[in-house]
Amino acid sequence: MAELAAVVGIGQTKYQTKHKTVSIAGLVRDAALKALQDAELTWDDIDAVIVGKAPDMFEGMIMPELYLTDALGCNGKPMLRVHTAGSVGGSTAIVAASYVQSGMFKRILTVTYEKQSESNAMWALSNAQPFSVHLNAGAGGFFAPIIREYMRRTKAPSDAGIKVAVKDRLHGARNPLAHLQLPNITMKEVEESPMLWEPLRFLESCPSSDGACAMVIANEELAAQSPKKPAWIRGAAMRSEPTMYAGREEVSPQAGIDCAKDVYAQAGISNPRKDLDCAEVYVPFSWYEPMWLENLGFAEKGEGWKLTLEGATSLDDKGDIPWNCSGGVLCSNPIGASGMIRFAEAARQVRGDAGNHQVDGAKLALGHAYGGGAQFYAMWVVGSEKA
Amino acid sequence: MRDIAIVSFVQSDCVRDAGALNEVELIMPVIRKVLDNVGIQSAQDVDFTCSGSCDYLQGAAFAFVLGVDALGAVPPIKESHVEMDAAWALYEAVLKIRMGQADSALLYGFGKSSPGELPIVLSQQLDPYYLSPLWLDTVSSAALQARALLDSGKATEADMAEVVARSRKNAKSNPHAQLKGDVSVDELLAEPTYLSPLRKHDCCPISDGASAMIIATVEKAKEWGKPYAVLKGIDHRIESHHFGARDLTRSVSTEIAAKAAGVADGPVEVAEIYAPFSHQEIILKKALGLGDDTVINPSGGVLAGNQMMASGLSRVGEVANRIIKGEIKRGVAHATSGHALQQNLVAVLEGA
């Protein structure tokens, strides 16, 4: 029943620790303009703008979309602001697509960003709350015990995480937009980097980045006229579950399993490892690759780390199912945009427009984002063909 | 395009300070009631859930995450959130239903504004480089707008007082209202100014609370066997952030949204307008193209109680409930966001 929709333009800024020479408005406008240029369109061709970013406290601005409307050519148009924790970049893409898939709009612009250098994300994540347990642990401290439980259950060797850290940085070295550029990184270097949250080392963690990512999404008729190859949205799904509840499976959360099943069913995928050509998956800490390989059905339960160590997810090892060819979140993490970057990079792959990190002949790709206490999920599957 | 039915709406009482109740405790009673009204058990019985809230009211990143606890999202649900008034959560759910990914949706908005100084908190909605360092609060920007309106000759201070007197009077029949009573225009005009030209009563009160709504396809509403109102049109627009670039005596974004939503396609018996300041009702009435035969804010509107992040959804819910009760056949609801009416949403509701 949904109208067909496709990504017809993608724009990203360079990801880096600090964008010193642009305002927040300048940063998002840069990504938006690049997306318009990629689609060979102008502001007048856009019917609505959908903005996403992580918590307002990361920059210290309430509802920043109100201020960004001028920079995003949105005056007189609809503007919506999505916020679903770390998954927000993915959720925003899905909500933006629904503007077109509902038949109510023909072509929209969606933009996500984070300018982490304007404030301090660790502070913003660690405010004490009345009536609530104060964790004060940041994201790494929250996820480390869950990772340890994964290692205990699967008896995975400790170098599986190190391998992911190296693999994604080597991928990132192929992507000029990636924040961390570490073309000579070694397993030894990762192993010797400081331990932050056992078992996560410094080099097994994502950086803190400034950056923005934008996409233009159009309906079937307009996408067919677009100058570059469209990435057709073949399925999109979201799921949420509470942070804590009795009996919660934290290593492989049910919401992630359900979300993947939903998006695969829409896209006609029965065997994700075989049917998909590549995946951009939200891996902010190294061990989340093997954990998500299992959660998303690419590996049997307890076997995710084996795929990682075999090189199945590595472009350099010529693996059969490359994950995070762009370098992933381990190379660039402007939090509010990180999910959309996964979705956009999946689209770049099926458009055959991923430059030096292109997977040859990629036709079907998964974009994945998660957030909160691994409780919010957003996923889409994009294809080079409509069906 | 699929018609959408508003099946149930519930809001909590507007109170100045909910005390020790946290956000989850504000949300849970309205969620329970709105589900009971439809005769369903839980969030798992609808296809999609979407909420509106603001981290800065709670003073914590990811404030909305607690909402998922209030829903009891086990097993997992299809859920989303806007950092906006829940009227825009309604809009997101309308898109989901129209694209065929859902046949029903639960929406809620909540805000506990009492712990902070709301007008000052909202000063941080402004341009971070040029405006927010001035700590221009929401009452001050509204006062600038009111002054522009008075200077243009489009309204008088007596017109503003009339809006307030009517709100207080109408609120007498609204059990959730915070401010109500009989007060004359002359009495109001005798009050001192607060931030000139605004008097205290020209400004909405600060309220804690939540509201919730259930919508569905008309087919699903019939299956539930519940009366419903039909959402005939809905549209939202934004305009420039820069006061100096706008004619503050008009609401251009409301005018565009009203046209797109089809306000003028039939008679408007009732309009619930989100006007946090009395003069804004005058601006919005004109922007919506409403005549004197339309009853405006029979609930008292937000001058009688303003639950941040829920009030916009509640305007839609107020009109829906009147249609469901058979009091009216067609009405309009409006929601706003930002300083001096920067962003606006308009919905048109009709009887089944």
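Residues numbered from 1 in each chain as written. Chains lettered and ligands numbered in written order. Predicted model: local features only at pLDDT ≥ 70, side-chain atom pairs only at ≥ 80, totals over all residues. Heavy atoms only, no water.

**Remarks on the overall build of chain A**
- Along its length, chain A carries 14 helices and eleven strands.
- Its C-alpha radius of gyration of 19 Å places chain A within 12% of the 21 Å reference for a compact globule of 387 residues.
- When the backbone C-alpha atoms are referred to their principal axes, chain A occupies close to 55 × 45 × 45 Å.
- Within the span of chain A, comprising 387 residues, buried residues form 66% of the whole.
- The contacts of chain A with a sequence gap of at least 6 include a subset with a gap of at least 24, amounting to 78%. (Helix = DSSP H or I, 4+ residues; strand = E, 2+ residues; numbered from the N terminus. Rg over C-alpha atoms; globule rule 2.2 N^0.38 Å. Buried < 20%, exposed > 50% of the residue type's maximum accessible area, 1.4 Å probe, protein only. Contact = heavy atoms within 4.5 Å.)

**Let's talk about the overall build of chain B**
- Within chain B one finds twelve helices and twelve strands.
- The C-alpha radius of gyration of chain B comes to 19 Å, within 12% of the 20 Å expected for a compact globule of 352 residues.
- Dimensions of chain B along its principal axes, counting C-alpha atoms only, are 55 × 45 × 40 Å.
- Considering chain B as a whole, with its 352 residues, one finds that 65% of them fall into the buried category.
- For chain B, the share of sequence-separated contacts (at least 6 apart) that also reach a separation of at least 24 residues comes to 79%.
- Summed over its atoms, the accessible surface of chain B is roughly 11,900 Å², and 52% of this surface lies on carbon and sulfur atoms.
- Taking the average place of the 32 positive charges on the side chains of chain B and the average place of its 43 negative ones, the gap between the two points comes to 4 Å. (Areas by Shrake-Rupley, 256 points an atom, 1.4 Å probe, with all protein chains shown as cover. Lys, Arg positive; Asp, Glu negative; His and termini not counted. Charge placed at Lys NZ, Arg CZ, Asp CG, Glu CD.)

**A word on the UniProt feature "domain: Thiolase C-terminal" (unreviewed entry) in chain A**
- Cross-referencing UniProt, the feature "domain: Thiolase C-terminal" (unreviewed entry) maps to residues 248-381 of chain A in the present numbering.
- Helix makes up 40% of residues 248-381 of chain A and strand 13%, and the two end C-alpha atoms of the span are 27 Å apart. (UniProt positions renumbered as here; feature names shortened; annotations may be inferred.)

**Comments concerning the pattern of salt bridges**
- Per the counting criterion, the structure on display carries 42 salt bridges over all chains.
- A salt bridge links Glu-149 of chain A to Arg-153 of chain A; the nearest nitrogen and oxygen atoms lie 2.8 Å apart. Residue Glu-149 of chain A and its partner Arg-153 of chain A are located together in helix H5 (residues 138-154), separated by four residues, close to a single helical turn.
- For Arg-153 of chain A, a relative accessible area of 39% puts it in the partly exposed group.
- Of the charged contacts in the structure, one is a salt bridge between Glu-350 of chain B and Arg-330 of chain B, with a shortest N-O distance of 2.9 Å. Here Glu-350 of chain B, found in strand S12 (residues 343-351), pairs with Arg-330 of chain B, found in strand S11 (residues 330-337); they are 20 residues apart in sequence, far enough to count as distant. (Salt bridge = Lys/Arg side-chain N within 4 Å of Asp/Glu carboxyl O.)

**A short note on unusual backbone geometry**
- The amide bond that connects Glu-198 of chain A to the next residue, Pro-199 of chain A, takes the cis arrangement and shows omega of 5°.
- Structurally, Pro-199 of chain A can be placed in the loop between strand S5 (195-197) and strand S6 (200-201).
- The omega torsion of the bond from Val-74 of chain B to Pro-75 of chain B falls at 0°, within 30 degrees of zero and hence cis.
- Tracing the backbone through its elements, the reader meets Pro-75 of chain B in the loop between helix H3 (65-71) and strand S3 (79-82).
- Positioned with a positive phi, Lys-155 of chain A is a non-glycine residue whose angle comes to about 55°.
- Position of Lys-155 of chain A among the secondary structure elements: in the loop between H5 and helix H6 (159-172).
- Of the residues examined, Lys-155 of chain A reaches a relative accessible area of 68% and is grouped as exposed.

**Regarding the pairing of strand S11 (residues 376-383) of chain A**
Residue and element names in this part refer to chain A.
- Within S11, eight of the eight residues are buried, which leaves it mostly tucked inside the rest of the structure.
- Residue alternation in S11 divides its side chains into two sets, Phe-376, Ala-378, Trp-380 and Val-382 and Tyr-377, Met-379, Val-381 and Gly-383, and both sets are buried.
- Pairing between strand S8 (residues 231-240) and S11: eight bridges, direction antiparallel. Bridge pairing in S11 links Met-238 to Ala-378.
- Counting the residues between successive antiparallel strands, the hairpin from strand S10 (residues 364-371) to S11 contains four residues, one of them, Gly-372, with a positive phi of roughly 60°. (Pairing = 2+ DSSP bridges.)

**So, the interface of chain A and chain B**
- The partner chain B presents 57 residues to the 59 residues of chain A that form the contact.
- For the chain A face of the interface with chain B, the top three residues by lost area are Ile-62, Leu-66 and Met-104 of chain A, together amounting to 14%.
- Inspection of the region where chain A meets chain B yields zero salt bridges.
- Between chain A and chain B we count 21 residue pairs in polar contact (both at pLDDT 80 or more) in total. (Buried area = accessible area lost by both parts, 1.4 Å probe. Polar contact = N/O pair within 3.5 Å; in protein donor to acceptor, adjacent residues only side chain to side chain.)

**Describing the nonpolar core**
- Judged by nonpolar contacts, the single largest core of 181 residues is most densely connected at Tyr-288 and Leu-366 of chain A together with Ile-215 of chain B.
- It is helix H4 (residues 86-98) of chain B that contributes the most residues to this core, ten residues altogether.
- Counting 36 residues, the second-largest nonpolar core is a separate cluster that includes Phe-376 of chain A together with Ala-73, Ala-210 and Ala-221 of chain B. (Core = buried A, V, L, I, M, F, W, Y, C linked by side-chain atoms within 4.5 Å.)

**Examining the pairing of strand S7 (residues 208-217) of chain B**
All names here are of chain B.
- When you tally the buried positions in S7, you get ten out of ten residues, the bulk of the element.
- Where strand S1 (residues 4-11) and S7 come together, seven bridges link them in antiparallel fashion. Paired with Val-10 across the two strands is Ala-212, which belongs to S7.
- Summarising the sheet, strand S4 (residues 104-112) and S7 pair through nine bridges and their orientation is antiparallel. Among the inter-strand pairings, Ser-104 is bridged to a residue of S7, identified as Ala-216.

**A word on the packing of helix H3 (residues 88-101) of chain A against H4 of chain B**
- Two elements in contact, H3 of chain A and H4 of chain B, have axes separated by 9 Å at closest approach and are oriented at 60°. Here H3 of chain A is positioned oblique relative to H4 of chain B, judged by the angle of their axes. In this structure, H3 of chain A meets H4 of chain B at a crossing whose hand is left-handed. Counting all contacts with H3 of chain A, which are made through Ile-94, Val-95, Ser-98 and Tyr-99 of chain A, the residues of H4 of chain B involved are Tyr-91, Glu-92, Leu-95 and Lys-96 of chain B.
- Of the residues assigned to the contact of H3 of chain A with H4 of chain B, the class counts are five nonpolar, one polar and two charged. (Axes fitted to C-alpha atoms, helices over the stretch in contact; angles between N-to-C directions. Parallel < 35°, antiparallel > 145°, perpendicular 65-115°, else oblique. Left-handed = near helix turned anticlockwise from the far one by under 90°. Nonpolar A, V, L, I, M, F, W, Y, C, P; charged D, E, K, R; others polar.)

**Some thoughts on the packing of aromatic side chains**
- As enumerated under the stated definition, the model contains 20 aromatic pairs over all chains in all.
- With a centroid separation of 5.8 Å and 70° between ring planes, the pair formed by Phe-143 of chain A and Tyr-370 of chain A is classed as edge-to-face. Of the two residues, Phe-143 of chain A sits in helix H5 while Tyr-370 of chain A sits in strand S10, which places them 227 residues apart along the sequence. Considered together, Phe-143 of chain A and Tyr-370 of chain A belong to a single accessibility category, that of buried residues.
- Ring geometry for Phe-62 of chain B versus Phe-64 of chain B: centroids 6.5 Å apart, planes at 70°, classification edge-to-face.
- Here a set of aromatic residues connected by ring pairs shows up, and it is made of Phe-142, Phe-143, Trp-197, Tyr-282, Phe-285, Tyr-288, Trp-292, Tyr-370 and Tyr-377 of chain A.
- In this structure, Lys-53 of chain A is placed above the aromatic ring of Tyr-113 of chain A, and the distance from its NZ or CZ to the ring centre is 5.3 Å.
- Above the face of the Phe-48 of chain B ring, Lys-96 of chain B is positioned so that its terminal group lies 5.0 Å from the ring centre. (Phe/Tyr/Trp six-rings, centres within 6.5 Å; stacked < 30°, edge-to-face > 60°. Lys NZ or Arg CZ within 6 Å of the ring centre and 35° of its normal.)

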